[in-house]
Amino acid sequence: MAKNIKSDDNELILVRRELLFQNEEKEKLIAELIVARKELVFQKEEKGKRAAELGIANIELAFQGEEKGKRAAELGIANKELVFEDEEKEKRAAELSIANKELVFQNEEKEKRAAELSIANKELAFQNEEKEKRAAELSIANKELAFQNEEKEKRATELDIANKELVFQNEEKEKRATELGIANKELAFQNEEKEKRATELSIANKELAFQNEEKEKRAAELGIANIELAFQNEEKEKRAAELSIANKELAFQNEEKGKRAAELSIANKELLAFTYISSHDLQEPLRKIQTFATIILKKENDNLSDNGKYNFQRMQLAAERMQQLIDDLLAFSRIHTTELKFERNELSLIIEEVKAELKDTIQDKKATIEAVDLCPANIIAFQFRQLMYNLISNALKFSNPEIPSHIIITSRIVKGNTLAIDRLSPEKNYCHITVKDNGIGFEPHFSERIFEVFQQLHSKEVYTGTGIGLAIVKKIVENHNGIIVATGELNKGATFDIYFPSNFKE
Amino acid sequence: MDSKQLNILLADDDIDDCVFFKEALAELNIATKLTAVHDGEKLMKLLTSKTNVLPHILFLDLNMPRKNGFECLSEIKENEKLKGLPVAVFSTSYEQEVVNLLYKNGAQYFIRKPAEFVQFKKIILHTLTLIMQENISQPKKEDFVLTIQNS
C-alpha cells in the first residue's frame, strides 16, 4: 500500500513540473505579442503622420497645380513612386494583418489553453488536496505500520535470540547426554576393574602380611648382623689406620732401599772397575817375582840349603796361586763390566780359539777334544769363550790320570717342550750344548754345589784352583738367559748341559 | 842363515824384562845381536832412519810410553819398506780381543811372557828358530799364539 502512495506522489510532481513549464512558455509568448502590438501602433501613427503630410502636400500640389502641370510629369513619377510605396505599404500592412490574425489566433489559443490550464490547475489542486489528505492518512497509517514493523522486528530478533539460545542449549544437552553415556560406560568399566583390583589387593594384602612377618624376622636378623658389621668396621678402620702407618713406613723404607740400591750399583761398578784394573796391573810384578825366583833357583841352587830350596818352592806355588786368582778375578770382573752385546757366532770358532789357548795342557794330558755338529748362536763372544775355556780346562784338570782325557762337545737346536725341564719355556727354541768328559767325575749330590763361588771338592794341594771357574760359567749362562745342569758320577766322568734361548731353527 | 848373526830388535819399556831377555839370549847357543829401545817413538825413529838395516825380527811390547805397541804395529804394516818385518808381540796379559786385533793388524806372533825363566828362554828360542827357518809370512790363526810345552 505504501508503494502505491509513493508512485502517485511521483506522478503528481511530474504533472506540476509540466504545468509550470507550459505557464512559463505562455508568459514568454504574451510578452512577444505585446511587443508586436506596440510595433503596429507605432506603424499606424507613422501612417497617420504621413497621410497628414500627404494632405499638406496635396494642397501644396493644388497650389502648385499650375506648377504641377509643370511638374506634373515630376509628380506623375513622384506619384507612381508613391503608389509603389503605398502598395508596398499595403503589402506590409497585409502581412502585418496576417501576422495579427495569427497573433490573435495564438492569443485565443493561449486563452483557451490558459482556461484549460486553469481548469486543469483546479483539478490538480483538488487532486493535490486529495492526495495530501490521503498522504496524511497514509503517513499516519505508515507510522502505525512502521511502529508495528519495529515491534515485529524487535520481537523477531528476540525470538531469533531465543531460538539460538534454545538451539545452543539443545546442542549442549545432546553433548552432555553423549558425555554422560561415555562416562557411564567408563564408570561401569572402572567398577569392574575396581572389583578385580579389590580381589587382587586382597590377595596382595595377604602376601604383604606374610612378607612383613618375614621382613620383621629378617630385620631382627639384620639388626644383629649390623651390630656385628659395625664392630667389624671399627676393627677394619683400626687396621686400615695401622696399615696406613705401616705403608708410610714401607714407602719410606723403599725410598731408602732405592737410594741404597743406586749407591750400591755405583759402588759395584766402581769395585768391578777397580778389580779389573788392579788385577791387570798386578800381573806384571807377580810375573817378575816368579821369573826372578826361577832364576835364583836355577843359578843359585848350589848355594841354597834344602830348607831354603823348599821355602823357595813354596813361594813359587803361592805366586802361581796368586796368578791363578788374578786371572780368575779378571775373568769374573770382565763378565760384569762389559756391556752385553749378543752377536751371531760360530761355536766351532770359539772352541778352536780355546783349544789354541789350552794347547800346552791338552798336550800334557794327551787329551783329545772332539767338537762335532756345532751350530751358530747369538752369544756374547768373549763371555762364551770364557765359558768354554773354563769348562774345557776344568775337564782337563779333573781328568783321570790313568786314561787319556777325552772331551766331547756337541750342540743342537731343540724345542723346549722336548726337554722335560721345568725352568724352560715349552714354546721356545733352545741351543743345547753338551761338554762331556771321561775324568774323575763327582758324587751326584754335589751337582749344584760345584757352581757356587769358592766351593771346591778337592784340596788345592791335589788340584789347583780358585773355586771361581764354574761360578763364572754359571753366571755367563745366566747372562744368556739360560740354565746349566751338571751330572756326574765318581770316576765315571762329568757332563755339563747348557740350554739358552736361540732364534735359530732346528 | 845359521852362519849369520841374527839381528834382534826389542821394544820394551820394562828394564827387568829387557834384562830377562838379554840373559835368555845369552844362554841360547845362537849368534845374535840385540838392540833395545824403551818407547814407541824411539822405535819408529830407529826403523825409519836411512842408515838403519832392518832387523830379522822385532819383539814388541804393547804397553809403552809415548807410542804404544798397537800404533807402532800399524805404522810398520802401513810402511812399504817396513811391512815385511816380522813382529812378535810380547805381552804380560792374554786377552782374546787383543790377540784377534793384533792378528788382523798383521803381527807375526803373539807371545805371553812366561813367569818361569826357563819358559822365557824356550819361547824366545822357539820364536827365533821359526824366523831362522824363514817363517816370515803371517801364519794361520791357530799358529799365531806361540806356546811352549813343559816337557
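## Let's talk about the overall build of chain B
- Counting its secondary structure elements, chain B contains five helices and six strands.
- For chain B, the α and β elements follow one another from N to C terminus as β-α-β-α-β-α-β-α-β-α-β.
- Expressed as a percentage of the 151 residues in chain B, the buried residues total 50%.
- Of the contacts made within chain B by residues no fewer than 6 positions apart, 71% connect residues no fewer than 24 positions apart.

## Topic: the overall build of chain A
- Counting its regular elements, chain A contains seven helices and seven strands.
- If you list the helices and strands of chain A from N to C, you get α-α-α-β-α-α-β-β-α-β-β-α-β-β.
- Expressed as a percentage of the 506 residues in chain A, the buried residues total 25%.
- Across chain A, every contact between residues at least 6 apart in sequence was considered, and the portion connecting residues at least 24 apart equals 74%.
- Accessible surface for chain A amounts to roughly 35,600 Å². Of this, 56% is attributable to carbon and sulfur atoms.

## Section: the sheet that holds strand S3 (residues 57-61) of chain B
Residues and elements named next belong to chain B.
- Taking strand neighbours across the sheet as the criterion, the six strands line up as S2-S1-S3-S4-S5-S6 in an open arrangement whose pairing is parallel. Only two strands of the sheet have a single neighbouring strand rather than two, namely strand S2 (32-37) and strand S6 (145-146).
- Looking at chain direction, strand S5 (residues 109-112) and S6 are connected through two bridges and run parallel. Following the sheet pairing, Phe-110 is matched in S6 by Val-145.

## Remarks on helix H4 (residues 96-104) of chain B
- For H4(B), the complete set of buried residues consists of Gln96(B), Val99(B), Leu102(B) and Tyr103(B). Angular distribution of buried residues about the axis of H4(B) spans 125 degrees; they occupy a single face of the element.

## Details of the interface of chain B and chain A
- Of the residues lining the interface, 28 residues belong to chain B; the matching set on chain A comes to 26 residues.
- When the area that chain B buries against chain A is broken down by residue, the three leading residues are Phe20(B), Thr92(B) and Ala115(B), summing to 21%.
- Our enumeration of links across chain B and chain A arrives at eight salt bridges.
- When the shortest N-O distance is used, the salt bridge between Asp14(B) and Lys288(A) registers 2.4 Å.
- Linking chain B with chain A are 10 residue pairs in polar contact (both at pLDDT 80 or more).
- Counting only elements with at least two residues in the side of chain B that touches chain A, the list comes to helix H1 (15-27), H4 and helix H5 (117-132) of chain B.
- For the side of chain B that touches chain A, the element with the most residues is H1(B), which contributes five residues.
- Across the side of chain B that touches chain A, the residue classes tally to eight nonpolar, seven polar and 13 charged.

## Some thoughts on the sheet that holds strand S2 (residues 368-372) of chain A
All names here are of chain A.
- With respect to topology, five strands assemble into an open sheet ordered S2-S4-S5-S7-S6, the strand pairing being mixed. The open sheet terminates on both sides in strands that have one partner only, identified here as S2 and strand S6 (483-488). Strand after strand, the sheet turns through a mean of 15 degrees between neighbouring axes, direction not considered.
- By the bridge criterion, eight bridges tie strand S4 (residues 406-415) to strand S5 (residues 429-436) in an arrangement that is antiparallel. Across the sheet, Val-414 pairs through a bridge with Tyr-430, a residue of S5.
- Across the sheet, helix H7 (residues 469-479) touches S6 and strand S7 (494-501), and the angle it forms with S6 is around 140 degrees.

## Details of the nonpolar core
- Of all hydrophobic cores here, the largest spans 44 residues; its most connected members are Phe384(A), Leu387(A), Met388(A), Ile409(A) and Phe496(A).
- Counting residues per element, this core draws most heavily on helix H6 (residues 381-397) of chain A, at seven residues.
- Residue contacts for Met388(A): discarding those within four places in its chain leaves Ile350(A), Ile351(A), Val354(A), Ile409(A) and Val435(A).
- Counting 27 residues, the second-largest nonpolar core is a separate cluster that includes Cys18(B), Ala24(B), Phe120(B) and Leu130(B).

## Topic: the pattern of salt bridges
- Tallying each qualifying case throughout the model produces 31 salt bridges over all chains.
- Residue Lys28(A) is joined to Glu25(A) by a salt bridge in which the shortest nitrogen-to-oxygen separation is 3.7 Å. Placement of the pair is Lys28(A) and Glu25(A) together in helix H1 (residues 2-63), with a separation of three residues, close to one helical turn.
- When the shortest N-O distance is used, the salt bridge between Lys288(A) and Asp16(B) registers 3.2 Å. Taken together, the positions of Lys288(A) in helix H2 (residues 65-299) and Asp16(B) in helix H1 put the pair across two chains.
- Classification of Lys288(A) by relative accessible area gives buried; the value is 13%.
- Members of the salt-bridge network, linked through shared partners, are Arg287(A), Asp12(B), Asp17(B), Asp61(B) and Lys113(B).

## Observations regarding the confidence of the model for chain B
- Averaged over all residues, the pLDDT of chain B is 89; the fraction at 70 or higher stands at 96%.
- Model confidence for the complex: the whole-complex pTM is 0.46, and ipTM, which rates the interface, is 0.75.

## Some thoughts on H5(B)
Residue and element names in this part refer to chain B.
- In this model, H5 (16 residues) spans 22 Å end to end at C-alpha, consistent with the 22 Å of a helix rising 1.5 Å per residue.
- When H5 is considered as a whole, its buried residues turn out to be Phe-117, Gln-119, Phe-120, Lys-121, Ile-123, Ile-124, Thr-127, Leu-128, Leu-130, Ile-131 and Met-132.
- At the exit of H5 stands Glu-134, carrying a positive phi of roughly 65 degrees.

## Comments concerning the environment of Leu46(B)
Residues and elements named next belong to chain B.
- For Leu-46, the location among the structural elements is in helix H2 (residues 40-48).
- Leu-46 sits in the partly exposed class, given a relative accessible area of 28%.
- Dropping the residues within four chain positions of it, Leu-46 is found in contact with Leu-9, Thr-35, Val-37 and Asn-52.

## Notes on the pairing of S6(A)
All names here are of chain A.
- Bridge count for S6 against S7 is six bridges, and the pairing is antiparallel. Paired with Thr-487 across the two strands is Thr-495, which belongs to S7.
- Between the antiparallel neighbours S6 and S7 lie five residues, among them Asn-491 with a positive phi of about 65 degrees.

Thresholds, definitions, all that
- Residues numbered from 1 in each chain as written.
- Chains lettered and ligands numbered in written order.
- Predicted model: local features only at pLDDT ≥ 70, side-chain atom pairs only at ≥ 80, totals over all residues.
- Heavy atoms only, no water.
- Helix = DSSP H or I, 4+ residues; strand = E, 2+ residues; numbered from the N terminus.
- Buried < 20%, exposed > 50% of the residue type's maximum accessible area, 1.4 Å probe, protein only.
- Contact = heavy atoms within 4.5 Å.
- Areas by Shrake-Rupley, 256 points an atom, 1.4 Å probe, with all protein chains shown as cover.
- Pairing = 2+ DSSP bridges.
- Arc of directions from axis to C-beta.
- Buried area = accessible area lost by both parts, 1.4 Å probe.
- Salt bridge = Lys/Arg side-chain N within 4 Å of Asp/Glu carboxyl O.
- Polar contact = N/O pair within 3.5 Å; in protein donor to acceptor, adjacent residues only side chain to side chain.
- Nonpolar A, V, L, I, M, F, W, Y, C, P; charged D, E, K, R; others polar.
- Axes fitted to C-alpha atoms, helices over the stretch in contact; angles between N-to-C directions.
- Core = buried A, V, L, I, M, F, W, Y, C linked by side-chain atoms within 4.5 Å.
- pLDDT = per-residue confidence, 0-100.
- Expected span 1.5 Å × (residues − 1).

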